[in-house]
There are 2 protein chains.
Amino acid sequence: MAPRPRVDVNQQTAADMNAARSQTSINVQTVRNYLYGGQKVWDLRQRLEKIIVQEPLFDKQHRDFLGRTDQYIRAAAIINRLTELRRVHGWSQEEYNTASSLLSEVLSITLHDVAFQPVFLGQGSPALMENYWDLVHEKGIQGCYLQTELGHGTNVARLETTSTYIPETQEFELNSPSLTSTKWWIGALGKSATHGAVQAKLILPDGKDMGPHLFFVQLRSLEDHKPLRGITVGDIGPKASGGMAAQDQGFARFDHVRIPRTNMFSKFAEVTIEGSYIQPPHAKLSYGGMMYIRATMIPSAGWTIAKGRALSIQCNPKCNPLAAATVAIRYTTVRRQGELDAQGLERQVLTYPSTYYRLLPILSRAFVFIELGRYTIKALTQMQERLASRDTSLLPEMHALLCGLKVFVTTQGIIDIETARRSMGGHGYSAFAGLGRLYIEYLPSATFEGDNFVLDGQVVRAATKLCKAVLSSTSAVAELPLPSAYLRLLSTTSEAPPQVTASTWHDVHSVVLLLEWRAALMVKNFTQTPASGDVDANVNQRLARAITEAFVAAQVGEMINNLTNLPSEDARVVGCLYRLYLLTSAESALVDLLSVGLIRHTGAGDPTQDLRLAVKALCLEVLPNVIGLTDAFGFSDWSLDSALGVSDGRVYEALWKRVQMEPMNKDEVTPAYAPYIRPMLQRGQAAAQQKMKLKSRL
Amino acid sequence: MAPRPRVDVNQQTAADMNAARSQTSINVQTVRNYLYGGQKVWDLRQRLEKIIVQEPLFDKQHRDFLGRTDQYIRAAAIINRLTELRRVHGWSQEEYNTASSLLSEVLSITLHDVAFQPVFLGQGSPALMENYWDLVHEKGIQGCYLQTELGHGTNVARLETTSTYIPETQEFELNSPSLTSTKWWIGALGKSATHGAVQAKLILPDGKDMGPHLFFVQLRSLEDHKPLRGITVGDIGPKASGGMAAQDQGFARFDHVRIPRTNMFSKFAEVTIEGSYIQPPHAKLSYGGMMYIRATMIPSAGWTIAKGRALSIQCNPKCNPLAAATVAIRYTTVRRQGELDAQGLERQVLTYPSTYYRLLPILSRAFVFIELGRYTIKALTQMQERLASRDTSLLPEMHALLCGLKVFVTTQGIIDIETARRSMGGHGYSAFAGLGRLYIEYLPSATFEGDNFVLDGQVVRAATKLCKAVLSSTSAVAELPLPSAYLRLLSTTSEAPPQVTASTWHDVHSVVLLLEWRAALMVKNFTQTPASGDVDANVNQRLARAITEAFVAAQVGEMINNLTNLPSEDARVVGCLYRLYLLTSAESALVDLLSVGLIRHTGAGDPTQDLRLAVKALCLEVLPNVIGLTDAFGFSDWSLDSALGVSDGRVYEALWKRVQMEPMNKDEVTPAYAPYIRPMLQRGQAAAQQKMKLKSRL
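Reading guide: rules and limits
- For every chain, the first residue of the written sequence is number 1, and numbering continues from 1 along that sequence.
- Here every chain gets a letter starting at A, and every ligand a number starting at 1, in the order they are written.
- Only residues with pLDDT of 70 or above have their local features reported here, since the model is predicted, and side-chain atom pairs are shown and tallied only from 80 upward, although totals for entire chains, interfaces and linings are computed over all residues.
- Values shown for side chains rest on all heavy atoms present in the structure; no hydrogens or waters enter the calculation.
- Counting from the N terminus, the helices are DSSP H or I runs at least four residues long and the strands are E runs at least two residues long.
- Atoms counted for the radius of gyration: C-alpha only. Globule rule: 2.2 Å times residue count to the power 0.38.
- Classification of residues uses two cut-offs on accessible area relative to the type maximum, computed with a 1.4 Å probe and protein chains only: under 20% is buried, over 50% is exposed, and between them is partly exposed.
- Here, residues are in contact when the closest pair of their heavy atoms is within 4.5 Å.
- Residues are said to line a cavity or pocket when one of their atoms sits within 4 Å of a point; the points come from a 1 Å grid over protein atoms alone, cavities being sets where a 1.4 Å probe fits but cannot get out and pockets being open sets with protein on both sides within 12 Å along at least five of seven lines.
- Grid points are joined across faces, edges and corners, and a volume is the space filled by probe spheres set on the points.
- Lys, Arg, Asp and Glu make up the charged group, whereas Ala, Val, Leu, Ile, Met, Phe, Trp, Tyr, Cys and Pro make up the nonpolar group; the residues left over, Gly among them, are polar.
- Confidence of the predictor at the level of single residues is given by pLDDT, which spans 0 to 100.
- Residue types Ala, Val, Leu, Ile, Met, Phe, Trp, Tyr and Cys, when buried and joined through side-chain atoms within 4.5 Å, form a set referred to as a nonpolar core.
- UniProt positions are given in the numbering used here, feature names are shortened, and annotations may be inferred rather than shown by experiment.
- When DSSP finds two or more bridges between two strands, those strands count as paired.
- Helix axes are fitted to C-alpha atoms over the stretch in contact, other axes to C-alpha atoms as well, and angles between N-to-C directions run from 0 to 180 degrees.
- Criterion for a salt bridge: a side-chain nitrogen of Lys or Arg within 4 Å of a carboxyl oxygen of Asp or Glu.
- Here the quantity called buried area is the total loss of accessible area, with a 1.4 Å probe, experienced by two parts when brought into contact, counted for both.
- Whenever two N or O atoms come within 3.5 Å, that pair is a polar contact, provided that in protein one can donate a hydrogen and the other can accept it, and provided that, for residues adjacent in sequence, both atoms are side-chain atoms.

## A look at the overall build of chain A
The secondary structure content of chain A amounts to 22 helices and 13 strands. Its C-alpha radius of gyration of 29 Å places chain A within 12% of the 26 Å reference for a compact globule of 698 residues. Each of the three principal axes of chain A carries a C-alpha extent, and together these read 95 × 85 × 65 Å. Looking at the 698 residues of chain A, the share that counts as buried comes to 63%. Partitioning the intrachain contacts of chain A with sequence separation of at least 6 by distance along the chain shows that 73% fall at a separation of at least 24.

## Looking at empty space enclosed by the protein
The full count for this structure, using the stated rule, is 12 cavities of 30 Å³ or more. One number sums up the size of the second largest cavity: a volume of about 890 Å³. Lining the second largest cavity are 50 residues, and of these Gln71, Ser241 and Gly242 of chain A together with Ser241 and Gly242 of chain B sit closest to its centre. Contributions of two or more residues to the lining of the second largest cavity are made by α4 (68-89) and α12 (435-442) of chain A together with α4 (68-89) and α12 (435-442) of chain B. Taken together, the residues that form the lining of the second largest cavity break down as 22 nonpolar, 12 polar and 16 charged.

## A look at the confidence of the model for chain A
Residue and element names in this part refer to chain A. Chain-level pLDDT for chain A is 90 on average; 93% of the residues reach the 70-or-more range. Contacts for the low-pLDDT stretch residues 282-300, under 50 throughout, to residues beyond four places or in other chains number 61 contacts. Reported confidence for the predicted complex is 0.93 by ipTM and 0.93 by pTM.

## Concerning the nonpolar core
If you look at the biggest cluster of nonpolar residues, it comprises 301 residues, and the most contacted ones within it are Leu360 and Tyr578 of chain A together with Leu360 and Tyr578 of chain B. With sequence-adjacent residues up to four places away left out, leucine 360 of chain A is seen in contact with Leu350, Leu577, Leu580, Cys619, Val622, Leu623 and Val626 of chain A.

## A closer look at the UniProt feature "domain: Acyl-coenzyme A oxidase N-terminal" (unreviewed entry) in chain A
Per the UniProt annotation, the sites labelled "domain: Acyl-coenzyme A oxidase N-terminal" (unreviewed entry) are residues 27-127 of chain A. The span residues 27-127 of chain A shows a helical share of 72% and a strand share of 0%, and its end C-alpha atoms are spaced 55 Å apart.

## Thoughts on the sheet that holds strand β4 (residues 183-186) of chain A
Consider a sheet: its strands pair through backbone hydrogen bonds, and that pairing is either parallel or antiparallel. Residue and element names in this part refer to chain A. Strand order in the open sheet formed by 3 strands is β4-β8-β7, with antiparallel pairing between adjacent strands. Only two strands of the sheet have a single neighbouring strand rather than two, namely β4 and β7 (231-235). Taken over all neighbouring pairs, the strand axes of this sheet differ in orientation by 20 degrees on average, direction set aside. As judged from the 2 bridges shared by β4 and strand β8 (residues 250-254), these two strands associate in the antiparallel manner. Along β8, the bridge assignment pairs isoleucine 186 with glycine 250.

## Examining the pattern of salt bridges
All told, the structure shown has 78 salt bridges over all chains when counted by the stated rule. Of the charged contacts, one joins arginine 330 of chain A and aspartate 631 of chain A as a salt bridge, the two residues approaching to 3.0 Å between their closest N and O atoms. Here aspartate 631 of chain A lies in helix α19 (residues 626-631) and arginine 330 of chain A lies in helix α9 (residues 320-334), a separation of 301 residues in the sequence. Per residue, the accessibility class of arginine 330 of chain A equals that of aspartate 631 of chain A, and both read buried. For arginine 545 of chain B, the salt bridge is made with glutamate 549 of chain B, and the minimal N-O distance between the two is 2.9 Å. Linking arginine 545 of chain B with glutamate 549 of chain B, this pair stays in helix α15 (residues 539-561), spanning 4 residues, or about one helical turn. Arginine 545 of chain B gets classed as partly exposed once you look at its relative accessible area, which sits at 28%. With relative accessibility at 1%, the residue glutamate 549 of chain B sits in the buried group. Bridged by salt links that share partners, the residues Arg63, Arg74, Glu105, Asp641 and Arg658 of chain A form one connected network.

## What to know about the interface of chain A and chain B
Opposite the 158 residues of chain A that make contact, chain B presents 159 residues. Between chain A and chain B, roughly 13600 Å² of surface is buried when both sides are summed, and carbon and sulfur atoms account for 61% of that area. In this structure, the salt-bridge partner of arginine 68 of chain B is glutamate 662 of chain A, at a minimum N-O distance of 3.1 Å. Summed over the shared surface of chain A and chain B, the result is 49 residue pairs in polar contact (both at pLDDT 80 or more). Tallying contributions element by element places helix α22 (residues 673-697) of chain A first for the side of chain A that touches chain B, with 15 residues. Looking at the side of chain A that touches chain B, its residues break down into 65 nonpolar, 48 polar and 45 charged.

## A look at the pairing of strand β12 (residues 336-340) of chain A
Where β12 of chain A meets strand β13 (residues 346-348) of chain A, 2 bridges bridge the pair, whose relative direction is antiparallel. Opposite arginine 336 of chain A, over in β13 of chain A, you have glutamine 348 of chain A as the bridge partner.

Below is the structure:
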């Protein structure tokens, strides 16, 4: 056996973290401000976090031990305190939103803030606004948004809940005609909300079905919180693996519930006192929530905007995949295992190729997605300005782009969180690592707000339409919308694709171009499939991914150009990350690149090897700065709430400390002993004694 | 708006399930017996399930509502009852194991059964056996297996716990010299176990460190269950996303704890009364648990056997990925959404290509893995027979194969469960769908019992060693061990790889050969990398996967040959599944097939298209039988415990029924209202009133 150095494994963790931090060559503050979009944003967050961490109610260390009901009650207490603090400190809407997001909690009030309030603001008639807006804004009532039903989700046209106009009393009558019309999955409906915006088919007195419209309905009494007559309401139960446990997703059934005519959200469509329908003047301009104007699948600008906002939230510097990457990189920096390094210590787990190959691309995507979120906000603002002047030309492309980005960012984010968790080996499965929670809370993003597989189809439809236009044009296409710039390559005047050599992978422009060519050729092949021809079963998924990755790659090219604003060392390291993003994007696209012939097997060895080695080389270039780069995300230990992600690296001490809080450890002897364990042992002991006796007799 | 047929969406579910079941062309019983390995096995399971479902204690419908402590107590009650039933019915070991597995619960007693008891049996000295075996076997004591420490997992050589022999008293003294030496992650240790098999470095009186050995240590009193003096023991807290909540994984520290000399598991290595070490006579023959003979990383036959057993358990016809596939296929059969079908109803979700393309390959893997599990058991038996006659020649290959299969089966199984869950859209995120639980309980298989990324390295090491031998041999290699049969292709006498055309994908032999060639060429390229050359960071993962898939493909070829034992229609349909497995295996290997030049871009369109269309065609061939095929797994509704997987298809009724059990729905008004929700609303109402007043004054 080789002689082993005597080290205290626990003390070594702090030494390793110090060493890793001290070799940082970037300026952490500069990079942090770059990620947050300026010192001001960061300062605001710091100021708010200082207030928040002082609240004992907001402590997160014990929430893993709570059952679901207690988690819901704790969240209600947090909401109450948060809205109190808002008044105490006179927070603006932005400050309140930031404070709320800093809590890292699933709160039912979020549905009021991001779904109910915007619908009210965007769709409420002047009369509704006059009577209710102050109550909505001040949270004198708590709202929710009731769209999905037990039987129908994405296909809004098939919702079954009806709202029938009764001219005699000037009322609408809401009704749930079937089991499957029960509203379902409605956040904050289960036990919290007092009011709701209900999607229901508008039925006119002549029986004509005008398709889904929105109605403002009181659900619970403001006196005692009891459900109003005719309304059956409750919680739909726990979610997969305890996800979003503190949230009361609910169901509701309406048994001929009457509301005044003025409770229709009628800013854009109205029913007159007599019962005739007044067409909205500008159908496409109506927005708010996940709104649809007619009973069709044409998404409105409102949906597009909501999706854009959701996306930008998922791309913030404190989003779940980023927190996961921070924890995993810190832990694998101080965790040592296996082979010996030059100092005779076991190697740091992060130094194994199979580890850094998994974790560093996550870091690179984190940087890219944060910048992408910023682009999205900018593009949305632009579109909203044009919408204000009734120009809807940007809408279809923006919608398709956001569908593609939503699928791409969420699918990848889910994979990345789990990859990070698994890179930590056994301890990653502890709740105290914190990644299980990050995963399960991020998970529904793949199926909520548009199932990713449905959205893929919409991306492909938009692309093929534009592609046909490009292919049928004999001249260069004058102006392609930015998200579809890659289609310029199909115009007759375009150059040939680049020849791939080892040096291709060191040239940003070439890699971007390859990813654009890949999308262009795939969309072209698909568009040209004869009507009689068959397409494979996964084609939408492959195409949507190629299209979205082409767009993102082009954006990353821009991001690299814009790095000149940073000090040179910071620009170099962040530039490495952006290039790593591009290369791993190309690596994951290898099947496509090979099958459309952009990379070819020439007989001289494996044509993918140059790319793979370039990925490894870039990883090694980034490696010395990983602790600095994750520090730049600005997570405090309070905010990360992970024993394995502690900033000082003392992971074993942190785990030990957390384990002492486990409620099962309060009793020296478990309450299960007397009724269950003891009887089993005693029966076994008696049986063994019996056998002994038998043996001794033989 | 198109006229819509008036259907009751809820009633339609049962009609759809009936229609799907009635179009089954296979004989469900025959296929079921094929999957279970005979009617007898099935009958035994049925007989035991009948007993189990009658026990109110084993009801699963309320467990989702329990907090962790209550889940642990419930599990203890179940164990107590299960061991009682064992006596009542006089169950054999096999019957007891089957009954235990049918419960689908995480039980701490499993660690006694599969880890502690085998160690005792395999390593216990005659004296230990004499004194304790009856107690162990009758569960008069409850054991656990203490290997992993806070600071070290896979690298057993670095465990820090010591066991020092004291000749004066003829005792060993167990000690935990550091924080990181704390035993950690030990199943059943937290609150249940009375005794343990402890891995500790054996220190001789002269101070010599003999590396890890196993010791039998009493942990808790048999009088009152209190921890014995010098032993600090407790639960390590909740796991990620509430996984294995009912299991009390624990920690333990030893403060100079003395045990008699005879408590060493000394069947193969012993310390004499005077304190000298007696070498084990046949080091490689020692087995049991996750045993290591010396302080090295050489895994013993015991580990190999344990891994094989674990693998075969994961491949049984009621394993988690299979349950997930059953639920998802049933639900997407009755869930209708989106486009209209020929009858004017919305399409069944399963009929969308993007859905069946995701679900049917999971079904195909299910069938393949069940058969693979059977192969594993057979190969293990063969190896054990040879070991009995001291022939260890099969050991290294068997070890490498099992490493590869473990990685492959678990990695794929985790992906498959989540893919199935996501295919169900929003409702898949409900706990009542049951897939969240299946996922989170299967998840640790990727990091426990050997981290998958570490195991990959062992697969590659074995393959390159053998590959070098093949390449340096001038004649055909006489006899390659079965798992490495693909390397025969590298011998000088081998034929050239097959030319790929559209018809290749319809020929089983060609597809198997392609997958074997892929592995052979990749391993060859890797083996021939010059010492100065660089390899990419992910090479072990890609190679291990290729090697394992080549072996599995060859086995599937055999499985297809053996289908002649089945009636022809059953053989045809199961054969379609096996071919689907092979084609999706090839599809996932496309990057490799293209980069080693087995498939080439010839300029005439996309060379991967034929394969992709063949996959789709096979899916469509299997589709009419999917309900029959999932029925053949033999899940009862009780066993699946999923509202979306109910056999009669009435998913909405089942969801509604489950939701009524939610404890939060017991109170009409939540207890959070008075202390938290009301104050928030009242403050908001007051603020709104204030604003109104101000406005009215203006």
